[in-house]
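# Examining the three-dimensional arrangement
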Amino acid sequence: MQKFPFLLLSFLLVSCTLGAEPLEFSTPAPQSAASPTPVPVTAAPTTARGSNSTPTTISSASDPFSANVLQLLSPGCSTLTPQQTEGPYYTAGSPERNVLYEDGMTGEKLIVAGYVLDLNGCQPIPGAWLDFWQADASGVYDNSGYTLRGHQLTDSQGRYFLETVIPGEYPGRTEHIHVKVRPPNGETITSQLYFPNVSANNSDDIFDPALIVTLESREGLYVAYYNFVLAR
Ligand code: FE
């Protein structure tokens, strides 16, 4: 009569011991945070202009040459981009394009590239609108069409890229490229870009040295670097 409780107690002890396996929790592998690719900071040397430029065709901003130029950009912003007069030759409604160069165009081939930045924190501004217009190599504007006129938006990193020719001088004006820049939902600024080592800079009343591009010769092309810095 006393064996039954002993056997029951033994059975319960064995059952509890066998069932006491630890629960396993699967620990998720830590996710590696996607770190942004650093943009090399390269000071582009200013190069004196010469006449040995070899024209090269660049089909789009996605080809290797363009990609190399974009990799060389440095998102630095020291001062606000000065505003300048629009002048008499602006035409609204330019086509969206970053290649203003056309086959057969005379003049020295030029790439202009840089960032559009917010002075507050020097942050790149993706989706900023830029509208460029300029004279041709002879100093003549197309005032009936859109030759050498075009607008574009900065890419996801706040960069722009323009393929064009170096504009010619016209009476009273040194070489310059007109531009309007507007951040998303922001105010439009109007300005102009100039080139280094141009003697006519000294006799142009509108010229502002703060708007001189950094110019270098790269693979036979002139490449101009300029960052537009806006206050938002
Ligand atoms: Fe002009």
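Residues numbered from 1 in each chain as written. Predicted model: local features only at pLDDT ≥ 70, side-chain atom pairs only at ≥ 80, totals over all residues. Heavy atoms only, no water.

## A short note on the packing of aromatic side chains
By the definition in use, this model includes eight aromatic pairs. Relative to Tyr170, the ring of Tyr141 has its centre 5.5 Å away and its plane inclined at 75°; by these criteria the two rings are edge-to-face. Here the residue Tyr141 occupies a position in the loop between strand E3 (129–133) and strand E4 (149–153), and Tyr170 occupies one in the loop between strand E5 (159–165) and strand E6 (176–182), the gap between them amounting to 29 residues. With respect to class, Tyr141 is no different from Tyr170; both count as buried. The interplanar angle of 65° and the centroid separation of 5.0 Å between the aromatic rings of Tyr226 and Phe228 together place this pair among those described as edge-to-face. (Phe/Tyr/Trp six-rings, centres within 6.5 Å; stacked < 30°, edge-to-face > 60°. Helix = DSSP H or I, 4+ residues; strand = E, 2+ residues; numbered from the N terminus. Buried < 20%, exposed > 50% of the residue type's maximum accessible area, 1.4 Å probe, protein only.)

## Looking at the coordination of the iron ion
Within the first shell, the iron ion binds the protein through Tyr141 (OH), Tyr170 (OH), His176 (NE2) and His178 (NE2), at distances of 1.9 to 2.1 Å. Around the iron ion sit four donor atoms, and with donor-metal-donor angles ranging over 90 to 156° the site reads as irregular. Ordering the donors of the iron ion by residue number gives the pattern Y-x28-Y-x5-H-x1-H. Under the relative-accessibility criterion, His176 is labelled buried at 1%. (Donors = N, O, S within 2.8 Å, 3.2 Å for Na, K, Ca; no water. Tetrahedral: all angles 85-135°; square planar, octahedral: opposite > 155°, others 65-115°.)

## Structural notes on unusual backbone geometry
A positive phi angle is found at Leu148, which is not glycine, with a value near 60°. Position of Leu148 relative to the elements: it lies in the loop between E3 and E4. Exposure remark for Leu148: the relative accessible area of 2% places this residue in the buried category.

## Regarding the confidence of the model for the protein chain
Close inspection of predicted coordinates is inappropriate for parts of the model with low pLDDT. Per-chain confidence: the protein chain averages 80 in pLDDT, with 73% of residues scoring 70 or above. Low pLDDT, under 50, characterises residues 1–47; the predicted model gives this stretch 23 contacts beyond four residues in sequence or across chains. (pLDDT = per-residue confidence, 0-100. Contact = heavy atoms within 4.5 Å.)

## Thoughts on the state of the cysteines
This model, assessed by the stated rule, comprises one disulfide. Linked covalently through their sulfurs, Cys77 and Cys122 form a disulfide whose S-S length is 2.0 Å. In this pair, Cys77 sits in the loop between helix H2 (64–72) and strand E1 (109–118) while Cys122 sits in the loop between E1 and strand E2 (123–124), placing the two residues 45 residues apart along the sequence. The exposure class of Cys77 is buried, given its relative accessible area of 18%. (Disulfide = S-S within 2.5 Å.)

## Observations concerning the pattern of salt bridges
Charged atoms that come close allow side chains of opposite charge to pair. In total, this model carries six salt bridges according to the counting rule given. One salt bridge connects Lys109 with Glu163, and the closest N-O pair in it is separated by 3.1 Å. Residue Lys109 is located in strand E1, and its partner Glu163 is located in strand E5; the two are separated by 54 residues in the primary sequence. For the pair shown, Lys109 and Glu163 are each scored as buried. For the salt bridge of Arg232 with Asp118, the shortest nitrogen-to-oxygen distance reads 3.4 Å. You can see Arg232 sitting in the segment after strand E10 (228–230) and its partner Asp118 sitting in strand E1, a full 114 residues away along the chain. (Salt bridge = Lys/Arg side-chain N within 4 Å of Asp/Glu carboxyl O.)

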